[in-house]
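Single-letter residue listing:
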Amino acid sequence: GQPAYNAGDNSDTKAIARQVIVAFEDFDYVVAPSGSCAGMIRCHYPTLFEEDPETGARARALADKTHELVSFLTDVVGFHGIDINHNCTVTYHDSCSGLRELDIKNQPRALLDKISGLSIIEGKEAETCCGFGGLFCVEYPDISERIVDEKINDIIATGADMLVAGDLGCLFNIAGRLKRRGSTVKSRHVAEVLAGVAKAPAIGCSDK
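Conventions adopted
Residues numbered from 1 in each chain as written. Predicted model: local features only at pLDDT ≥ 70, side-chain atom pairs only at ≥ 80, totals over all residues. Heavy atoms only, no water. Salt bridge = Lys/Arg side-chain N within 4 Å of Asp/Glu carboxyl O. Helix = DSSP H or I, 4+ residues; strand = E, 2+ residues; numbered from the N terminus. Buried < 20%, exposed > 50% of the residue type's maximum accessible area, 1.4 Å probe, protein only. pLDDT = per-residue confidence, 0-100. Contact = heavy atoms within 4.5 Å. Phe/Tyr/Trp six-rings, centres within 6.5 Å; stacked < 30°, edge-to-face > 60°. Polar contact = N/O pair within 3.5 Å; in protein donor to acceptor, adjacent residues only side chain to side chain. Patch = residues over 30% accessible without salt bridge, like charges linked within 9 Å, V, L, I, M, F, W, Y side chains within 5 Å. Areas by Shrake-Rupley, 256 points an atom, 1.4 Å probe, with all protein chains shown as cover. Axes fitted to C-alpha atoms, helices over the stretch in contact; angles between N-to-C directions. Parallel < 35°, antiparallel > 145°, perpendicular 65-115°, else oblique. Nonpolar A, V, L, I, M, F, W, Y, C, P; charged D, E, K, R; others polar. 1 Å grid on protein atoms, 1.4 Å probe; cavity = no way out; pocket = protein on both sides within 12 Å on 5 of 7 lines; lining within 4 Å. Points joined across faces, edges and corners; volume = space filled by probe spheres on them.

Focus on the pattern of salt bridges
Any two side chains of opposite charge can pair if their charged atoms end up close together.
Right, so step 1: Evaluated as defined, the whole model comprises 8 salt bridges.
Right, so step 2: Here E122 ties to R109 by a salt bridge, and the two come within 2.6 Å at their closest N and O atoms. Here E122, found in the loop between strand 4 (116–120) and helix 8 (136–139), pairs with R109, found in helix 7 (residues 106–112); they are 13 residues apart in sequence, far enough to count as distant.
Right, so step 3: Using a relative accessible area of 9% as the deciding quantity, one classes R109 as buried.
Right, so step 4: Linking D149 and R177 is a salt bridge whose minimum nitrogen-to-oxygen distance equals 2.8 Å. With a gap of 28 residues between them, D149 in helix 9 (residues 141–158) and R177 in helix 10 (residues 168–180) connect regions that are remote in the sequence. Like R177, D149 is buried.
Right, so step 5: What you see here is one network of salt bridges that share partners, running through D94, K105, R109, E122 and E127.

As structure tokens, this is what we get:
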């Protein structure tokens, strides 16, 4: 329901949110591989139904058990079972939703640090918005493009082989602009790297 919510369409947002609540309320945990989706449920669902006691209680219960993927792995289950090797350098992009709504900063880096052969190079603008912002990039394309170009300049300046992030919207935006600018920097979701998917030669890293 996030696109509708960002557009100010609370009616459709509530209708979608009710479906999500019904679909997931019987599970012990809800894990999302994107900070913006997890942030929508955790931070905004409860406020949507503040004046509806019954649905509000269900929304809060869902919010309490909803987690972004890397924070679930580190903060909830204490996952440490990473036994892979990536001989490459990566730089990490902190998404606005993950960083500012969910306090996700150290968790993905802690997991990436456990990968043998992988080195993290921090960009000066790691916490800076990529310019996507959902509908923002559609409504203000010129501003969005300038923002993502500044982000890409910072990524390229790190000299890293790969950009890693935990939000799919950010990745689509940055990866698309990297390609249009002819950059050889590859883009991967942190889950792909942790799962070993990024070991394919096409990502631009040398793996053994």
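Now that the structure is up, let's keep going.
Quick notes on the confidence of the model for the chain
Right, so step 1: Across the chain, pLDDT averages 91, with 95% of residues at or above 70.
Right, so step 2: Low pLDDT (under 50) marks residues 200–208, which in the prediction has 21 contacts with non-local residues, meaning those over four places away or in another chain.

Remarks on the packing of aromatic side chains
Right, so step 1: Scanning the model with the defined rule gives 3 aromatic pairs in all.
Right, so step 2: For the ring pair F24 and F27, a centre distance of 6.4 Å and an interplane angle of 50° mean the geometry is tilted.
Right, so step 3: Since its relative accessible area comes to 34%, F24 is described here as partly exposed.
Right, so step 4: Plain terms: the ring middles of Y29 and F72 are 5.2 Å apart, the flat faces sit at 65° to each other, and that makes the pair edge-to-face. With Y29 in the loop between helix 2 (10–24) and strand 1 (30–32) and F72 in helix 5 (residues 69–76), this residue pair connects regions lying 43 residues apart in the sequence.
Right, so step 5: What makes Y29 partly exposed here is its relative accessible area of 45%.
Right, so step 6: On the basis of relative accessible area, F72 is assigned to the buried category, the value being 14%.

So, the environment of E127
Right, so step 1: Within the secondary structure layout, E127 lies in the loop between strand 4 and helix 8.
Right, so step 2: The class for E127 is partly exposed, based on a relative accessible area of 38%.
Right, so step 3: Through-space distance from the C-alpha of E127 to that of V76 is 24 Å; in sequence the pair is 51 residues apart.
Right, so step 4: Not counting residues up to four positions away in its chain, the partners in contact with E127 are D94, L99, R100, K105 and K151.
Right, so step 5: A polar side-chain atom of E127 sits 3.1 Å from a polar atom in the side chain of K105.

Quick look at a nonpolar patch on the surface
Right, so step 1: Taken together, Y29, V31, V76, V77 and F79 make up a surface patch of nonpolar side chains, about 390 Å² in accessible area.
Right, so step 2: For V76, the location among the structural elements is in helix 5.

Brief notes about the packing of helix 9 against helix 10
Helices that pack against each other are described as a pair by the angle of their axes relative to one another and the distance between those axes.
Right, so step 1: Between helix 9 and helix 10, the shortest axis-to-axis distance is 10 Å and the interhelical angle comes to 75°. Between helix 9 and helix 10, the crossing angle belongs to the class labelled roughly perpendicular. Residue-level inspection shows E145, V148, D149, K151, I152 and I155 of helix 9 in contact with helix 10, the latter providing N173, I174, R177 and L178.
Right, so step 2: A class-by-class count of the residues in the contact of helix 9 with helix 10 yields 5 nonpolar, 1 polar and 4 charged.

Section: the layout of surface pockets
Right, so step 1: Each pocket or cavity is described by its volume, and for the largest pocket that value is around 430 Å³.
Right, so step 2: Contributing to the lining of the largest pocket are 23 residues, with Q2, S36, S97, G133 and G134 lying nearest its centre.
Right, so step 3: Taken as a whole, the second largest pocket holds about 170 Å³ of empty space.
Right, so step 4: The wall of the second largest pocket is formed by 13 residues, among which G1, V20, C37, I41 and Y45 lie closest to the centre.
Right, so step 5: When contributions to the lining of the second largest pocket are tallied by element, the ones reaching two or more residues are helix 2, strand 1 and helix 3 (35–48).
Right, so step 6: The element that contributes the greatest number of residues to the lining of the second largest pocket is helix 3, accounting for 5 residues.

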